[in-house]
Amino acid sequence: MKYIASIILVLFMVSSSFAQKDLSYFLPDSVAYDSSIPTPESVIGHQVGEWHVTHDKLVYYMRALANASDRVTIMESGKTYEDRPQLLLTITHPDNHNNIEKIKNEHKQLTDPSASSDLNISQMPSVVMMGFSIHGNEPSGSNASMLTAYYLAAAQGQDIEDKLKNVVVLLDPAFNPDGLNRFATWANMHKSEHLVTDPNDREFNEVWPGGRTNHYWFDMNRDWLPAQLVESKNRIAQFHAWKPNILTDHHEMGTNSTFFFQPGIPERTHPITPQKNQDLTGQIGQYHANFLDRIGSLYYSKESFDDFYYGKGSTFPDVQGAIGILFEQASSRGHAQESVNGILEFPFTIKNQFTATLSTLQAGYEMREELLGFQRDFYKNSVDMASDANEKAWIVSDQDKSKLFRFAEMLNRHEIEVHKLAKNTNGFDADNSYIIPTNQYQSRLIKAIFDVRTSFKDSLFYDVSAFNMAMAFNLDYESLDDRAFNRNLLGEKFNPSNQPVGKIEGGKSEYAYMMDWQDFYAPKALYKIQEAGIRTKVNTKEIILNDGTTLAVGSVLIPVKQQEKSPAQIYQILEEAITKTGVNIYAVNSGNTNGVNLGSPSFESLNQPTVAMIIGDGISPYDAGEIWFLMDQHYEIPITKIDVNDFRGADLSRYNVIIMPDGWGYGSIGSQKSKIQDWAQAGGTIIAYQSAAKWLSDQKITKVKFKENKPDTTGYESYEDLGNNRGAQVIGGAIFEVDVDLSHPLTYGLKDDKMPIFRNSTLFMEKSKNQYANPLRYTQTPLLNGYISEENAEKLKGTSAVTVSRLGGGKVISFTDNTNFRAFWYGTNRLLMNAVFYGQTISGSAGE
């Protein structure tokens, strides 16, 4: 009986510990709350933390709050790819709301040294932007946002009145609405009435791709600087409209952890970030420590994470005169899970995140003048530094006007002043160039965008070690010093509505058309032409038209005769195909062109690509998502996503191109390797990235060889150096130089025999014995920007970046590097698209 009684007591205690928590568990008990303000439960139908809030309920609550409180206004900054609203709440004292545009404009003037000295910062509120759960499966942040919004709207007393008079809070309850909703659905659908805490339970183990990412499987916390995703564009617009003093970024980490707040590891801060930023971050950290002490939560700081890559939410503000703060809460990944620190309940994770918002508010209130003064001084100093710097302007240039436009558009999105180059200078053609003067308020951000460095204090990086955007876009670029720069070089300001417009030169033709391949959107145009049933060919030798126009290899021939469409219909199809592109098409009235004639056997007939991509368990959702995004958003080309678990039953005869993104999960189709092998031998093209290329080699489907990575086991090392020594051999993300064979179909549209390429792996592909099979090869001194260990640099030089293998009548194109990294490596996107469209034309004799 005693044993049974003990069991019942234990079960009662466990059950009691999981009892739902009401607001008293979360909120300060020394504060009274306005009963007219709706609580979260009154709107969403359950207590905070009882269920994972879905995005629709989160939206309902925030709108109800705005309707009920004169402290809160709400706006929709945009929509996600899944058409969910992105919200931004402005929470402050009603008196501030009455003058909110004046407050906003004055705050923005802190970025203008010519006006900021006249501002009385002692009378200005600080601005704090709070953002939650940019990783959708780190949901404690978004669930805590309801408590923060309720507290700010409902709390009564002189303390909150004073804070709201002196602080404007911008609250984004869900940086990633689509991912948050995906994960909430997962966690809620697996919740037991009597909570299961076993880490093996399915509740804690999401299926692929998980809720971390947005619709296209991107980690949006790497997109603050590139801002290629619609959610980022919407969010960044509001950031720049306000220029907050503090931005908080609420995340989660491993279940066995505690709570982290910045500063991160000091040695891993980007050198462009001023020391004062880190000092203030540390000062704010004392507020977090004090508030977490009050509720008895464990925490740490300065031992993890870094502030190097400006594309992260907690680092991007550091180059904007603001303080970015990362919070990392141990994740319950469901409703309650066992951990080394005991059972971790979802409400507890929410409470810590909420507490961090209170400490941030306190810091924003008490440090108000110091934060405002720092922001003003940051931009004053930035302009002074720009005046003293050697670089007075940057010129960027490319014959690919669409790619160049996208680069300028990215800068413009960050309020960087961009001009057309007014006249030819330093070898740059004004028609194909922009100029960016450095003496402007975003001068530090400009410096970061063009930054090149290959030596570092620390050899470990939380993210990439290089992010030069001009290299990523593969642009010609150069800085101008005092002697080379003058204001007369500045032409008209960049206008984002003036996107390059393609045209058909020479009007209608009864004979043929030639389409230039150098524009970024040429694949989009070609696909639309092929989709309309128009037969096309690609030239493998240079052509000079009768008017003197030179068309490089890779240009597309569209004959008018022997088509199923009339000449008038073909012209209309071509006009529609180049809409919203910079693609130029040339009417040709005779096949008697210079170089080769249009009937030459050097033209290769093209089949329209029908593309499939393998996805699922063990495949990188990031890499797969980048390919999906590129094909869908940029090129409007349908791509079928085949799950690895469905591969056995898939009818591969529907496709002529199969893309295999990076990943370790191809073992699940190992028994079906003959299926993909037979498909390729029948004429298909396989495009394999990184580990997928290695898997094909291991399976003897290709003869590609990779260098072995054997650690040096001689001698002895200190145990405490284990992590650092291993980390130093990681290539987290750096930029390297490759030699380019410009005559190869995979490089059509490129103009230089060297180009930058991004690498974040230690796979080293040996050169093929067939000297024609490696169109891109690393140079003998390949490092352009970022970190690589001496050992890996030695292994990398002279290796192949791409190898073509012959497989019967088909091809396997193996890439060691991600050509589509985070949607901003426009410069190497072409390599994938050439593989898709022109892989079919590569001679079998040029394969491994």
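The coordinates are above.
Everything in this summary refers to the structure shown in the same document. For clarity, every value in this text was computed on a predicted model and none was experimentally measured.

1. Concerning the overall build of the protein chain
Here comes step 1: If you tally the helices and strands in the protein chain, you get 25 helices and 31 strands.
Here comes step 2: Since a compact globule built from 848 residues should have a radius of gyration of about 29 Å, the 29 Å found for the protein chain is in line with a globular shape.
Here comes step 3: Each principal axis of the C-alpha atoms in the protein chain carries an extent, and together these give about 90 × 75 × 65 Å.
Here comes step 4: When the 848 residues of the protein chain are sorted by exposure, 60% land in the buried category.
Here comes step 5: Accessible surface for the protein chain amounts to roughly 32900 Å². Of this, 46% is attributable to carbon and sulfur atoms.
Here comes step 6: Across the protein chain, the 78 positively charged side chains and the 101 negatively charged ones have centroids separated by 5 Å.

2. Looking at the pattern of salt bridges
Here comes step 1: In the structure shown here, the tally under the stated rule is 34 salt bridges.
Here comes step 2: Residues Asp219 and Arg222 are paired through a salt bridge, measuring 3.7 Å at the closest nitrogen-oxygen approach.
Here comes step 3: By relative accessible area, which is 10% here, Asp219 ends up buried.
Here comes step 4: With a relative accessible area of 8%, Arg222 lands in the buried category.
Here comes step 5: One salt bridge connects Asp398 with Lys403, and the closest N-O pair in it is separated by 2.7 Å. Lys403 matches Asp398 in its accessibility class, with the two residues each being buried.
Here comes step 6: By sharing partners, the salt bridges in this structure join Glu138, Arg212, Asp219, Arg222, Asp463 and Arg822 into a single network.

3. A short note on the sheet that holds strand β17 (residues 536–539)
Here comes step 1: Read across the open sheet, the six strands follow the order β15-β21-β16-β20-β17-β22; overall the sheet is mixed. Strand pairing shows two members of the sheet lacking a second neighbour, β15 (504–505) and β22 (603–606), which therefore form its edges.
Here comes step 2: Pairing of β17 with strand β20 (residues 556–559), which is carried by two bridges, proceeds in the antiparallel orientation. Within β20, the residue paired with Lys537 across the bridge is Leu557.

4. Quick word on the packing of helix α20 (residues 621–634) against helix α25 (residues 826–838)
Here comes step 1: One can describe the packing of α20 onto α25 by two numbers: an axis separation of 12 Å at closest approach and a directional angle of 90 degrees. Between α20 and α25, the angle falls in the class roughly perpendicular. On the side of α20, the interface is formed by Ile627, Leu630, Met631 and His634, while α25 contributes Tyr826, Asn829, Leu832 and Met833.
Here comes step 2: Grouping the constituent residues of the contact of α20 with α25 by class yields six nonpolar, two polar and no charged.

5. Observations concerning the pairing of strand β23 (residues 611–615)
Here comes step 1: In terms of burial, β23 is largely enclosed, as five of its five residues are buried.
Here comes step 2: Residues Val611, Met613 and Ile615 of β23 are buried on one face, and the alternating residues Ala612 and Ile614, pointing to the opposite face, are buried as well.
Here comes step 3: Sheet topology places β23 next to strand β24 (residues 639–643); five bridges connect them, and they run parallel. Considered in β24, the bridge of Ala612 is made with Thr640.
Here comes step 4: Between β23 and its parallel partner β24, the chain crosses via α20, and the hand of that crossover is right-handed.

6. So, the side chain of Asn143
Here comes step 1: With respect to the secondary-structure elements, Asn143 resides in helix α8 (residues 140–154).
Here comes step 2: The exposure class of Asn143 is buried, given its relative accessible area of 1%.
Here comes step 3: One polar contact links the side chain of Asn143 to the main-chain amide nitrogen of Val53, over a distance of 3.1 Å.
Here comes step 4: Not counting residues up to four positions away in its chain, the partners in contact with Asn143 are Val48, Trp51, His52, Val53, Phe346 and Ile350.

7. A look at empty space enclosed by the protein
Here comes step 1: For the coordinates displayed, the defined rule picks out five cavities of 30 Å³ or more.
Here comes step 2: In this structure, the largest cavity encloses a volume near 180 Å³.
Here comes step 3: Secondary structure elements with two or more residues in the lining of the largest cavity: β28 (754–759) and α25.
Here comes step 4: The dominant element in the lining of the largest cavity, judged by the number of residues it contributes, is α25, at three residues.
Here comes step 5: Grouping the constituent residues of the lining of the largest cavity by class yields four nonpolar, five polar and seven charged.

8. Focus: unusual backbone geometry
Note: most peptide bonds trans; most residues except glycine with negative phi.
Here comes step 1: The omega torsion of the bond from Trp208 to Pro209 falls at 5 degrees, within 30 degrees of zero and hence cis.
Here comes step 2: Its place among the elements puts Pro209 in the loop between α10 (177–189) and α11 (230–242).
Here comes step 3: Residue Pro263 is reached from Gln262 by a cis peptide bond, and omega for that bond is 25 degrees.
Here comes step 4: Along the polypeptide, Pro263 turns up in the loop between β6 (259–261) and α12 (275–294).
Here comes step 5: Of note, Ala227 is a non-glycine position whose phi angle comes to about 50 degrees, a positive value.

9. With respect to the pairing of strand β31 (residues 810–815)
Side chains on a regular strand alternate between the two faces of the sheet.
Here comes step 1: Most of β31 is tucked away: six of the six residues are buried.
Here comes step 2: A two-sided burial pattern is seen for β31, the buried positions comprising Gly810, Val812 and Ser814 on one face and Lys811, Ile813 and Phe815 on the other.
Here comes step 3: Bridge analysis of strand β26 (residues 685–689) against β31 gives five bridges, and the strand direction is parallel. Bridging from a neighbouring strand, Ile686 pairs with Val812 of β31.
Here comes step 4: Note that strand β30 (residues 800–807) and β31 share six bridges and pair antiparallel. Note on β31: the bridge partner recorded for Val802 is Phe815.
Here comes step 5: Between the end of β30 and the start of β31, which pair antiparallel, lie two residues, with Gly808 showing a positive phi angle near 60 degrees.

Reading the values: the criteria
Residues numbered from 1 in each chain as written. Predicted model: local features only at pLDDT ≥ 70, side-chain atom pairs only at ≥ 80, totals over all residues. Heavy atoms only, no water. Helix = DSSP H or I, 4+ residues; strand = E, 2+ residues; numbered from the N terminus. Rg over C-alpha atoms; globule rule 2.2 N^0.38 Å. Buried < 20%, exposed > 50% of the residue type's maximum accessible area, 1.4 Å probe, protein only. Areas by Shrake-Rupley, 256 points an atom, 1.4 Å probe, with all protein chains shown as cover. Lys, Arg positive; Asp, Glu negative; His and termini not counted. Charge placed at Lys NZ, Arg CZ, Asp CG, Glu CD. Salt bridge = Lys/Arg side-chain N within 4 Å of Asp/Glu carboxyl O. Pairing = 2+ DSSP bridges. Axes fitted to C-alpha atoms, helices over the stretch in contact; angles between N-to-C directions. Parallel < 35°, antiparallel > 145°, perpendicular 65-115°, else oblique. Contact = heavy atoms within 4.5 Å. Nonpolar A, V, L, I, M, F, W, Y, C, P; charged D, E, K, R; others polar. Right-handed = clockwise from strand over helix to strand, strands pointing away. Polar contact = N/O pair within 3.5 Å; in protein donor to acceptor, adjacent residues only side chain to side chain. 1 Å grid on protein atoms, 1.4 Å probe; cavity = no way out; pocket = protein on both sides within 12 Å on 5 of 7 lines; lining within 4 Å. Points joined across faces, edges and corners; volume = space filled by probe spheres on them.

All we've got here are geometric facts, nothing functional implied.
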